[in-house]
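Working through the structure, step by step
Each chain is listed here by its residues.
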Amino acid sequence: MGLFDITFIGVGAMIGAGVFALTGFAAGLAGPALILTFLLNGFVAVFTAVSYAELGAAFPEAGGGYLWVKEALADPNGFFAGWMSWFAHAVACSLYAVTFGVFLTKFAIYGTGLTNEFVLWGVLTRPMVEKLLATLMVALFAYINYRGAEETGKAGVVVTVIKVVILGVFVAFGVLATVHTPNWPAKFLSSPRFAPNGVVGIIGAMGFTYIAFEGYEIIVQSGEEVVDPGENVPKAVFYSLAIVVPIYILVSFAAIGGIEVTAELARQAGVPATAPTWELLGNLGEIGIIEAAGQFVPYGVPLLLVAGLTATMSALNATVYSSSRVSFAMGRDRVLPSVFAAIHDEKRTPHWSIALSAVIIAAMAVTLPIEAVAAAADIMFILLFVQVNWTVIKMRKTHPDLPRTFEVPYMPWPPLIGIVLQVLLTPFLLKALGLKVGLGPESHGFIALVTTAVWMLLGLGVYYGYSARREAEKLEEETPTVATEETPSERESELLVPVANPENVEQLMRTALDVAADRDAAVRVMSVATVPQQTPISEGREFTDDQRAVVAHAIDFAADHDPDVPVSGTIRIGHDVSTAILNTVEQEDSAAVLLGWRGRGRRRDYVLGSNVDEVVTNAPCDVLVERVGDGVSEGAMESVLVPTAGGPHSEYAAEVAASIARMNDASVTLLHVQAPGGDDGRSVLEDAAAALDGVDVDTELVESDDATAAIVDRTDGYDLTIVGASREPFLQQIVFGALPEAVARRSRSTVIMARRHRGITSLFARLFRRRD
């Protein structure tokens, strides 16, 4: 496909059933400001579109947001990206199915003369018929997808052109009808005002119609079939937005300005005959734009119904396909049961994924009001887009060598602005739909929120009850264990010590054994044999001699130094050292990991070094990083310096210092550096000292404008310095913090940097960090 084809795929996805079904509802929320709503939505969409343009050009393959989030962010982000994407497309599909049922019923009323409140055979009311037709269409398109029939690119372009032409006719006649209405500006400025529901109504309508801007997800999904995707995918993303935003604005202008409040429409909508046109459209809901066309377009009702039915059928086929393929991909990745990955022997389609997706789609179409369906889809897509925006930020650091034919300018601000704006849409959407404290389940916003919450809670259960266990199996496949030496141990916790440099093994083991002995923990030594990305993992089994030697040396040293501490050894192979370490942490449920650091990084885009950075930021446990100083003594440890400023990391540093001091009968000096004339730091020292039982503790309070220099000047007088991570701004590329890292780099003696795992806080940080 060329640029024209892929652009119109995006346009077709955006000008889907949403613009036909949701324009009326949105007019009821925003009033005449619906025009501004679509303009602002286009503005908000641009900040996510740039992220899709960069990543879609760099990864021109099926998968889209799910693939990128899974690649860039720590678990369970990858799982939830797929889980939300599956549900978002399924909910969108149910919206299209319900809209199809409404439109086909309206078409039947138009062609047969049935009344609006008809009852068939004394049993089937109009709403029941609409839901029945929606269910039948879901079943039909599920069967079509099962058979393997799917809309081709050229057919999609034809359908899109038909929709655009019909909407163009609607706009032309609507604008003519508007300008020929006496005092027509009053419809927009005096009804009772431009934005009758204020900011809440405008932003709520933005959230409600945001699903109409998710077409760039479909564009990047088609990247594998695009000629020169690096050039054409970004262009298609921006061209499609440039086409649809003016169309949305013009459609809303024509609908509000062109329609007149007649007695019949007022009765049908349940509004006074003097009601403003936006209120009429809001109460007419999904058929509002149809009724508007019936007034000012020749044969407008059948014309718009044909366009709407065409749009809904096209969207139904696409979303049944996309929702089932997301669940299929998750089944293939083993985060969902294998039944989702099953392929029909004859049809070669994922028949169970299609069937189960169709059941979810039909259930929502039958049980939920269309407004709640649309709101739930909006919330899910917003959550997915937030993940994608964060992913593009992280990939600038974790994937610096990607072939980026398009780059988001002024990083990281555009995706950050996109995240903030999209997060703001959700509460306004719910409030605009009537979510208030104490309001019952009749609120569409309440129903959407509950539906989203139930799905996310179900996802938590699936992930932690099933997917996490299957992920553990994948960890072993990614970085298989080729050798292990287990020492029987009843100790509940384990300290993991990755080793590579034989020169630092003994000092790392001294630290590990002291901490483990004091805390009644076991030690696991590991080493990783790496193989190039293009080499199969299995080939690495032949190149583990160095790793076996260094692990054996560590175990032998431990046996001589402290035979009472159980020490096990593990050798793994993999493409990446940090991945192997993190996999081991998860498999062994390590309480802490102790890393060695040479004191400098090879690349400027990493702080301590790629492997250390990744482990420190992603390990679900406490982390210690030890830089072995010059001329390390093999004798007993006599003095330990602990700079402290309070907080959990400094507390952890003091605890580790106490463990080492107790095992070596050493003294600990707590140091606090404060700015001249600053707050008295004695309380910080007193609190830290109170936590050190059974240790000879001294305290020192120093005033200095340069805390780093003050600490470094004192490290030479101590055998060991242990400093806790400082608290830096979240977005800085700092692992432990500027001060601890500067002390570790500049000190000539041994320095240990300590970082405590902080439960939910650490989980939040890890969720938005890279994990290979």
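Residues numbered from 1 in each chain as written. Predicted model: local features only at pLDDT ≥ 70, side-chain atom pairs only at ≥ 80, totals over all residues. Heavy atoms only, no water.

So, the overall build of the protein
Each helix and strand counted, the protein has 28 helices and 13 strands in total. Buried positions account for 58% of the 772 residues belonging to the protein. Considering only residue pairs separated by 6 or more positions, the protein has 82% of its internal contacts joining residues 24 or more positions apart. As displayed, the protein offers around 30700 Å² of accessible surface, 59% of which is attributable to carbon and sulfur atoms. (Helix = DSSP H or I, 4+ residues; strand = E, 2+ residues; numbered from the N terminus. Buried < 20%, exposed > 50% of the residue type's maximum accessible area, 1.4 Å probe, protein only. Contact = heavy atoms within 4.5 Å. Areas by Shrake-Rupley, 256 points an atom, 1.4 Å probe, with all protein chains shown as cover.)

Here we look at the environment of Ile752
Here Ile752 shows up in strand S13 (residues 750–755). Taking the C-alpha atoms as reference points, Ile752 and Ala653, separated by 99 residues in sequence, lie 8.4 Å from one another. For Ile752, the contacting residues outside a window of four places in its chain are Thr511, Leu624, Val625, Glu626, Ile660, Leu720, Thr721, Ile722 and Val723.

Points about the nonpolar core
Grouped together as the largest cluster of nonpolar side chains are 158 residues, with contacts concentrated most on Phe79, Trp83, Phe170, Tyr216, Tyr248 and Leu316. Those residues in contact with Phe170 that lie beyond four places of it in its chain are Val251, Ala254, Ala255, Ile289, Ala292, Ala293, Phe296, Val297 and Leu304. Counting residues in each nonpolar core, the second largest holds 47 residues, with Ala521, Val523, Val550 and Val640 among its members. (Core = buried A, V, L, I, M, F, W, Y, C linked by side-chain atoms within 4.5 Å.)

Some details on a nonpolar patch on the surface
A surface patch of nonpolar side chains, about 240 Å² in accessible area, is lined by Phe173, Leu176 and Val179. With respect to the secondary-structure elements, Val179 resides in helix H7 (residues 153–179). (Patch = residues over 30% accessible without salt bridge, like charges linked within 9 Å, V, L, I, M, F, W, Y side chains within 5 Å. Salt bridge = Lys/Arg side-chain N within 4 Å of Asp/Glu carboxyl O.)

Remarks on the packing of helix H6 (residues 126–147) against helix H16 (residues 351–367)
Two elements in contact, H6 and H16, have axes separated by 9 Å at closest approach and are oriented at 170°. By the criterion of interaxial angle, the relationship of H6 to H16 is roughly antiparallel. Handedness of the crossing formed by H6 with H16: right-handed. Along its contact with H6, which presents Lys131, Ala134, Thr135, Val138, Ala142, Asn145 and Tyr146, the element H16 presents His351, Ile354, Ala358, Ile361, Ala362, Ala365 and Val366. (Axes fitted to C-alpha atoms, helices over the stretch in contact; angles between N-to-C directions. Parallel < 35°, antiparallel > 145°, perpendicular 65-115°, else oblique. Left-handed = near helix turned anticlockwise from the far one by under 90°.)

As for the environment of Thr511
Among the secondary structure elements, Thr511 is positioned in helix H20 (residues 505–519). Note: C-alpha distance between Thr511 and Val497 (14 residues apart in sequence) is 9.9 Å. Apart from residues no more than four positions distant in its own chain, Thr511 is found in contact with Leu594, Glu626, Ile660 and Ile752.

Here we look at H20
In a regular helix each residue adds 1.5 Å, so 15 residues correspond to 21 Å; H20 covers 21 Å between its end C-alpha atoms and thus fits that length. Counting buried positions along H20 gives 11 out of 15 residues, so the element sits mostly inside the fold. Of the residues trailing H20, Asp520 is marked for its positive phi of about 55°. (Expected span 1.5 Å × (residues − 1).)

Points about unusual backbone geometry
Across the junction of Met411 and Pro412, the peptide omega takes the value 5°, indicating a cis bond. Tracing the backbone through its elements, the reader meets Pro412 in the loop between helix H17 (370–398) and helix H18 (413–432). A positive phi angle, close to 55°, is found at Tyr299, a residue other than glycine. Relative to the elements of secondary structure, Tyr299 occurs in the loop between helix H14 (288–296) and helix H15 (300–332). Its relative accessible area of 69% is what places Tyr299 among the exposed residues. Even without being a glycine, Asp589 presents a positive backbone phi close to 55°. You can see Asp589 is positioned in the loop between helix H22 (577–588) and strand S7 (592–597). Among the residues examined, Asp589 registers a relative accessible area of 64% and is labelled exposed.

Section: the pairing of strand S5 (residues 522–530)
Two faces, one strand: in a regular strand the side chains alternate between the faces of the sheet. Buried residues dominate S5, accounting for eight of its nine residues. Two strands pair when backbone bridges link them, and strand S4 (residues 494–498) and S5 are joined in this way by five bridges, in the parallel orientation. By the bridge assignment, Leu495 is partnered in S5 with Val523. In terms of strand pairing, S5 meets strand S6 (residues 567–574) through eight bridges, oriented parallel. Residue Val525 lies in a different strand from S6, and its bridge partner there is Gly569. (Pairing = 2+ DSSP bridges.)

Thoughts on the confidence of the model for the protein
This prediction gives the protein a mean pLDDT of 82; 86% of its residues lie at or above 70. Across the protein, the secondary-structure element scoring lowest on mean pLDDT is helix H28 (residues 760–767), at 40, and the one scoring highest is S4, at 94. This model gives residues 435–442 a pLDDT under 50, and the stretch forms nine contacts once residues within four places in sequence are excluded. Of the regions scoring below 50 in pLDDT, residues 602–607 engages in 14 contacts with residues more than four places distant in sequence or in other chains. (pLDDT = per-residue confidence, 0-100.)

Notes on the environment of Val159
With respect to the helices, strands and loops of the structure, Val159 is situated in helix H7. Once the C-alpha coordinates of Val159 and Thr310 are considered, the two residues, 151 residues apart in sequence, prove to be 7.3 Å apart. The contact partners of Val159, leaving out residues within four places of it in the chain, are Thr310 and Ser314.

As for the packing of aromatic side chains
The description of an aromatic ring pair rests on the distance of the ring centres and on the angle between the ring planes. Scanning the model with the defined rule gives 24 aromatic pairs in all. Between Tyr143 and Tyr146 the ring centres are 6.0 Å apart and the planes differ by 40°, which places this aromatic pair in the tilted class. Highlighted residues: Tyr143 and Tyr146, both in helix H6, separated by three residues, approximately one helical turn. Its relative accessible area of 24% is what places Tyr146 among the partly exposed residues. When the ring of Phe188 is compared with that of Phe253, the centres are 4.9 Å apart and the planes differ by 10°; the resulting orientation is stacked. Residue Phe188 is located in helix H8 (residues 186–189), and its partner Phe253 is located in helix H11 (residues 229–258); the two are separated by 65 residues in the primary sequence. Clustering of aromatic rings is evident, with ring pairs tying together Phe79, Phe80, Trp83, Trp86, Phe87, Phe340, Trp455, Tyr463 and Tyr464. (Phe/Tyr/Trp six-rings, centres within 6.5 Å; stacked < 30°, edge-to-face > 60°.)

A short note on the pairing of strand S8 (residues 622–627)
Of all the six residues making up S8, six are buried; the element is thus mostly covered by neighbouring parts of the structure. Neither face of S8 is exposed, since Asp622, Leu624 and Glu626 on one face and Val623, Val625 and Arg627 on the opposite face are all buried. In this structure, S7 lies alongside S8, joined through six bridges in parallel fashion. Bridge assignment links Leu594 to a residue of S8, and that residue is Leu624.

Considerations on the pattern of salt bridges
Scanning all chains against the criterion turns up 16 salt bridges. Note that Glu291 and Lys106 form a salt bridge whose closest N and O atoms lie 2.5 Å from each other. Remark: Lys106 occurs in helix H5 (residues 77–112) and Glu291 occurs in helix H14; sequence separation between them is 185 residues. As far as the burial class goes, Glu291 and Lys106 line up, both buried. The partner of Glu130 in a salt bridge is Arg126, and the shortest N-O contact between them spans 3.1 Å. Of this pair, Glu130 and Arg126 both sit in helix H6, separated by four residues, roughly a single helical turn. On the accessibility criterion, Glu130 (15% relative accessible area) is buried. Arg126 gets classed as buried once you look at its relative accessible area, which sits at 12%. Among the ionic contacts, a cluster of salt bridges with common partners joins Glu54, Arg396 and Arg404.

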